[in-house]
Amino acid sequence: MDYRGLFEDAIDTLRREKRYRVFADLERIAGHFPKAIYRDSADNEREITIWCSNDYLGMGQHQKVISAMQETAGKLGTGAGGTRNIAGTNRPLVELERSLADLHRKEAALVFTSGFVSNEASISTIARLIPNCLVISDQLNHASMIAGVKQSGMEKKIFRHNDMKHLREILEAAGKDRPKMIVFESVYSMDGDVAPIEEIADLADEFNALTYIDEVHAVGMYGPRGAGICERDGLMQRIDIIEGTMAKAFGVMGGYITASQPIVDAVRSYASEFIFTTALPPALCAAAHASIEHLKSSTVEREGQQRQAQRAKEILGAAGLPVMPTNTHIVPVIVGDARRCKAASDMLMDKHNIYIQPINYPTVPKDTERLRITPTPLHTDEMLFELRDALVSVWKNLDLPMNIDTSQLTAQALNSGDLVLPTTGG
Ligand SMILES: *Cc1c(COP(=O)(O)O)cnc(C)c1O
């Protein structure tokens, strides 16, 4: 067996399909968000502007957050020293879980090493503990939720993205008596659209289902205290399990669920992904805690983000760029072809010192390849105009579609495959 050749072939397949990923060598400059130093393949460095970070509010460089991490590492050291069973729960982790339960107004919270792990562990464990559970999952759910559903080994049904008619059909077919869990997200991060949470909660009540929501792309950013879309819409009490991350708007790392005390205790007690891994370091917990508490009372970051996202949509749209309409902070600009999406991203970096990674299949469906722009409160208007000029230049250079009817570029149309983008060349 030619093992080496086998892996080379696997990589070649990705290259042929234009799916081979190259990571940018970036060094963010604390205090100069969203600026970073970029090093090319020859290690030549230059300063660039990042436009696609999930550090949505710049909290990863907030002085309170940096200080909390530094001071805690100085006092408690670096690692946690073991799993929670072995090393106990470090004090900053106790405080962090209290803060998270309070954020979502739930009885309890449980922290994991990442948002990915929190979804995989929680969805699989909860579903497994419910006899004959049917897991009903939105078609566009994140890979970590799909992993949780698979890992549970329970029967699953997929409903078309945000399609309440389809969800009802599935619930009706299952009947009121069969135990069920509906798993979905609030903000879908690639299209920037939002689930009809209240309708899902109504259906769950009607058919006696448990509800599990991923608010990863909403926590810190929506609601009066930054608890997410459920808080904004007054729906936190109607969802059984709320999952989130501390790695995006909170700017640190780690994932969590919040729910009733018995659900959290069951996941704590049964989930291998929680039990058999070292706990988050105290300094990291303290930093996340500082960020969460700051955003419970400070709204300037959220307001600044919404303002700059709105301006980005207006300015880029007015220049004729195909901005997909969204009601959130996510600004997708559609390219519709993997090779040219990568070319656009490369040209932005090489000619304009702007970093926006290409989003290609399988992260999004084929023919909906895009640049996903995430303006933050720290992107100035001047940076926005630079971005507009750079994008227009790249779009002209690569002969990409401009001045098309973007009202058609909805998540539904893109994902149903009904939409055929006008291509002017290539
Ligand atoms: C990023 C992401 C996760 C995983 O969170 P991490 O903390 O980065 O592991 C989970 N769900 C969704 C929808 C995500 O986009």
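Since the structure is predicted, the reported quantities are computational estimates derived from the model, not experimental observations. (Residues numbered from 1 in each chain as written. Predicted model: local features only at pLDDT ≥ 70, side-chain atom pairs only at ≥ 80, totals over all residues. Heavy atoms only, no water.)

1. Side note on the site of the ligand
Part 1 of the argument: Every one of the 13 residues lining the ligand counts as a neighbour, but G115, D214, H217, T245 and K248 are closest to it.
Part 2 of the argument: Measuring from an oxygen atom of the ligand, one finds a backbone N or O atom of F116 at 2.9 Å.
Part 3 of the argument: Here a nitrogen atom of the ligand sits 2.7 Å away from a polar atom, N or O, in the side chain of D214.
Part 4 of the argument: In isolation the ligand has 380 Å² of accessible area, and contact with the protein removes 85% of it.
Part 5 of the argument: For the shell around the ligand, the element with the highest residue contribution is helix α5 (residues 115-129), accounting for three residues. (Near = heavy atom within 4 Å. Polar contact = N/O pair within 3.5 Å; in protein donor to acceptor, adjacent residues only side chain to side chain. Areas by Shrake-Rupley, 256 points an atom, 1.4 Å probe, with all protein chains shown as cover. Helix = DSSP H or I, 4+ residues; strand = E, 2+ residues; numbered from the N terminus.)

2. Focus on the sheet that holds strand β5 (residues 134-138)
Part 1 of the argument: Overall, mixed pairing links the seven strands, which are arranged β4-β10-β9-β8-β7-β5-β6 in an open sheet. Two strands in the sheet have a free side with no partner beyond their single neighbour: β4 (108-112) and β6 (155-159). Across this sheet, the average inter-strand angle for adjacent strands is 20°, counted without regard to direction.
Part 2 of the argument: As judged from the four bridges shared by strand β9 (residues 241-245) and strand β10 (residues 255-259), these two strands associate in the antiparallel manner. Residue pairing for β10: G244 is matched across the bridge by Y256.
Part 3 of the argument: Here helix α7 (residues 164-174) sits on the sheet and contacts β5, β6 and β7 (180-185); the angle it forms with β6, its principal contact strand, is near 155°. (Pairing = 2+ DSSP bridges. Axes fitted to C-alpha atoms, helices over the stretch in contact; angles between N-to-C directions. Contact = heavy atoms within 4.5 Å.)

3. Observations regarding a nonpolar patch on the surface
Part 1 of the argument: There is a patch of nonpolar side chains on the surface, built from M1, Y3, L6 and F7 and spanning about 520 Å² of accessible area.
Part 2 of the argument: Its location among the elements puts F7 in helix α1 (residues 3-16). (Patch = residues over 30% accessible without salt bridge, like charges linked within 9 Å, V, L, I, M, F, W, Y side chains within 5 Å. Salt bridge = Lys/Arg side-chain N within 4 Å of Asp/Glu carboxyl O.)

4. Digging into the pattern of salt bridges
Part 1 of the argument: In total, this model carries 27 salt bridges according to the counting rule given.
Part 2 of the argument: R19 is the salt-bridge partner of E17, the closest N and O atoms lying 2.9 Å from each other.
Part 3 of the argument: We classify R19 as partly exposed; its relative accessible area is 24%.
Part 4 of the argument: One salt bridge connects R178 with E155, and the closest N-O pair in it is separated by 2.9 Å. Here R178, found in the loop between α7 and β7, pairs with E155, found in strand β6; they are 23 residues apart in sequence, far enough to count as distant.
Part 5 of the argument: Among the ionic contacts, a cluster of salt bridges with common partners joins D102, R105, R225, E293 and K296. (Buried < 20%, exposed > 50% of the residue type's maximum accessible area, 1.4 Å probe, protein only.)

5. With respect to the environment of I182
Part 1 of the argument: Structurally, the position occupied by I182 is in strand β7.
Part 2 of the argument: On the basis of relative accessibility, which here comes to 0%, the residue I182 falls in the buried class.
Part 3 of the argument: Linking I182 and A279, residues 97 residues apart in sequence, is a C-alpha distance of 29 Å.
Part 4 of the argument: For I182, the residues in contact, after removing those within four places along its chain, are I136, F159, L167, L171, I200, A204, A209, L210, T211 and Y212.

6. Section: the pairing of strand β11 (residues 331-334)
Part 1 of the argument: Every second residue of β11 is oriented toward a common face, with V331 and V333 on one face and P332 and I334 on the other, all of them buried.
Part 2 of the argument: Bridge count for β11 against strand β14 (residues 370-373) is four bridges, and the pairing is antiparallel. Counterpart to I334 in the pairing with β14 is R370.

7. Section: the UniProt feature "domain: Aminotransferase class I/classII large" (unreviewed entry) in the protein
Part 1 of the argument: Cross-referencing UniProt, the feature "domain: Aminotransferase class I/classII large" (unreviewed entry) maps to residues 48-391 in the present numbering.
Part 2 of the argument: End-to-end, the C-alpha atoms of residues 48-391 are 15 Å apart, and along that stretch the chain is 46% helix and 15% strand. (UniProt positions renumbered as here; feature names shortened; annotations may be inferred.)

8. Here's the deal with the packing of helix α14 (residues 338-352) against helix α15 (residues 381-397)
Part 1 of the argument: Packing of α14 against α15 brings their axes to within 10 Å, and their N-to-C directions diverge by 125°. In terms of axis orientation, α14 runs oblique to α15. Our pair here, α14 against α15, has a crossing hand that is right-handed. Where α14 approaches α15, its residues A344, M347, L348 and H352 are matched on the opposing element by A390, L391, S393, V394 and N397.
Part 2 of the argument: Its residues placed into classes, the contact of α14 with α15 shows six nonpolar, three polar and no charged. (Parallel < 35°, antiparallel > 145°, perpendicular 65-115°, else oblique. Left-handed = near helix turned anticlockwise from the far one by under 90°. Nonpolar A, V, L, I, M, F, W, Y, C, P; charged D, E, K, R; others polar.)

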